[in-house]
Amino acid sequence: RFLDNRLFATCSDDTTIALWDLRKLNTKVCTLHGHTSWVKNIEYDTNTRLLVTSGFDGNVIIWDTNRCTEDGCPHKKFFHTRFLMRMRLTPDCSKMLISTSSGYLLILHDLDLNKSLEVGSYPILRARRTTSNSDITSSGSSGPRAVGSPCHQNNSGPLSEKTLSRPSQREGGSPRNSLEVLTPEVPGERDRGNCITSLQLHPKGWATLLRCSSNTDDQEWTCVYEFQEGAPVRPVSPRCSLRLTHCIEEANVGRGYIKELCFSPDGRMISSPHGFGIRLLGFDAHCSELVDCLPREASPLREIRSLYSHNDVVLTTKFSPTHCQIASGCLSGRVSLYQPKF
């Protein structure tokens, strides 16, 4: 993750984060220690210049890059939840989304990164979950996902009734860091639990993109959820900020491994790992904007093109932010570059 035009940060399964300078790549600027398990993604708040990281230890940690030294950066634990998989900030840094392997999606609204959140200190906007998600336990899974992040269901959910507090509302708006707990609707998973393995955000902040697998790893889905804006009338009133608009079933090859998908820079296409290749998906056959083809009920994503060049399971894919180019990486370590022609 780039912090400016020369400084960038990387995270690693060795529990550390490293800061690098493009002008001197033979040594790190500094190494950041704070997580106790694999660190899986990095976000950066351009407003406060705070680095935000999350890992399989369940922690979201804030790093003050304004006060970095060779020994590291001042940091604090911002949030903790069990079975954390991915954490993202919306483009305007007003919300934080967290996905879990127990099928929950957490949304922190009106984000304030300067305040650490302890259990019971955040107002609950909605705590909605289905009976099937909370009652089902895992029959086991394979691969790094099972090792690095327990993929069994949390029978008590990410929050207990003790955490529900009635906060005082900020004048002129909803309270800061209001927490919303959702179990996103996934096709075919109405009677079983699911694991949200990958989480991405639309580049314009219109939607979130999830890769979900069934609790028994026998089904896998790519789902798009539209953000439904608007604050609740009261800070503790029921709320549901996401609506399923599009979805498609995936190949479910390479069970137990996390497959990272992504939006194109303009948000019109999705690149999704599919077996030994990738699929380019659109909201309709013309690759229209999401806002121009919002269905009344969830509709299937349209396959625009399939690209295959690997001899192993593809685990990640990414669009170039500046060129008509896509990269994909497979389990054996090979990276392929594509320049699609339509």
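Quick caveat: nothing in here was measured; it's all calculated off a predicted structure. The residue numbers shown here count from 1 along each chain, following its written sequence. A pLDDT threshold of at least 70 governs which residues receive local features in this predicted model, and a stricter bar of 80 or more applies before side-chain atom pairs are shown or counted, although totals over entire chains, interfaces and linings include all residues. Side-chain metrics rest on all non-hydrogen atoms present in the structure, leaving aside hydrogens and water.

Enquirer: I tried to follow the nonpolar core on my own but got confused; where do I start?
Expert: One broad rule of soluble globular proteins: the nonpolar side chains tend to lie buried together. Think of a nonpolar core as a cluster: buried Ala, Val, Leu, Ile, Met, Phe, Trp, Tyr and Cys residues, connected wherever their side-chain atoms sit within 4.5 Å. The rule is simple: take the accessible area with a 1.4 Å probe, protein chains only, and divide by the maximum for that residue type; under 20% is buried, over 50% is exposed, in between is partly exposed. Val52, Val60, Phe78, Phe79, Met96, Ile98 and Leu113 are the most contacted members of the largest nonpolar core, which totals 19 residues. Numbering goes from the N terminus for both helices and strands, where a helix is a DSSP run of H or I of at least four residues and a strand is a run of E of at least two. Residue assignment for this core shows that the elements contributing at least two residues are strand E5 (50-55), strand E6 (59-64), strand E7 (75-80), strand E8 (84-89), strand E9 (96-100), strand E10 (105-109) and strand E12 (178-182). With three residues, E8 is the largest single contributor of residues to this core. With 17 residues, the next largest nonpolar core counts Ile107, Leu182, Ile196 and Leu244 among its residues.

Enquirer: I tried to follow the side chain of Glu226 on my own but got confused; where do I start?
Expert: Mapped onto the elements, Glu226 comes out in strand E15 (residues 220-227). Among the residues examined, Glu226 registers a relative accessible area of 17% and is labelled buried. Whether two residues touch is decided by their heavy atoms; if any such pair falls within 4.5 Å, the residues are in contact. If we ignore the near neighbours within four places in the chain, the residues touching Glu226 are Trp206, Ala207, Ser241, Leu242, Arg243, Thr245 and Leu294.

Enquirer: How do you make sense of the UniProt feature "repeat: WD" (unreviewed entry) in the protein when you look at a structure like this?
Expert: The positions UniProt marks with the feature "repeat: WD" (unreviewed entry) are residues 32-64. Secondary structure content for residues 32-64 is 0% helix and 64% strand, and the end C-alpha separation is 11 Å. UniProt positions are given in the numbering used here, feature names are shortened, and annotations may be inferred rather than shown by experiment.

Enquirer: Help me out: how do you make sense of the pairing of strand E16 (residues 242-249) in this one?
Expert: For a regular strand, side-chain orientation follows a simple rule: the groups alternate between the two sheet faces. With six of its eight residues buried, E16 lies for the most part within the structure. Pairing geometry for E15 and E16, over seven bridges, is antiparallel. In the strand pairing of E16, Glu226 is matched with Arg243. Paired strands are those between which DSSP finds at least two bridges. Here E16 pairs with strand E20 (residues 299-300) via two bridges, running parallel. Its bridge partner being in E20, His246 is matched across the sheet by Ser299.

Enquirer: Looking at this structure, how should I read the sheet that holds strand E23 (residues 326-330)?
Expert: Hydrogen bonding along the main chain pairs the strands of a sheet, whether they run parallel or antiparallel. An order of E22-E23-E24 is seen for the three strands of this open sheet, with the pairing classed as antiparallel. Strands with a single pairing partner mark the edges of an open sheet, and in this sheet they are strand E22 (314-319) and strand E24 (335-338). Adjacent strand axes in the sheet meet at a mean angle of 20° when their direction is disregarded. Two elements, E23 and E24, share four bridges in a ladder whose sense is antiparallel. If you follow Ala327 over to E24, its bridge partner there is Leu337. Inter-axis angles, ranging from 0 to 180 degrees, are taken between N-to-C directions of lines fitted to C-alpha atoms, where helices are fitted over the stretch in contact.

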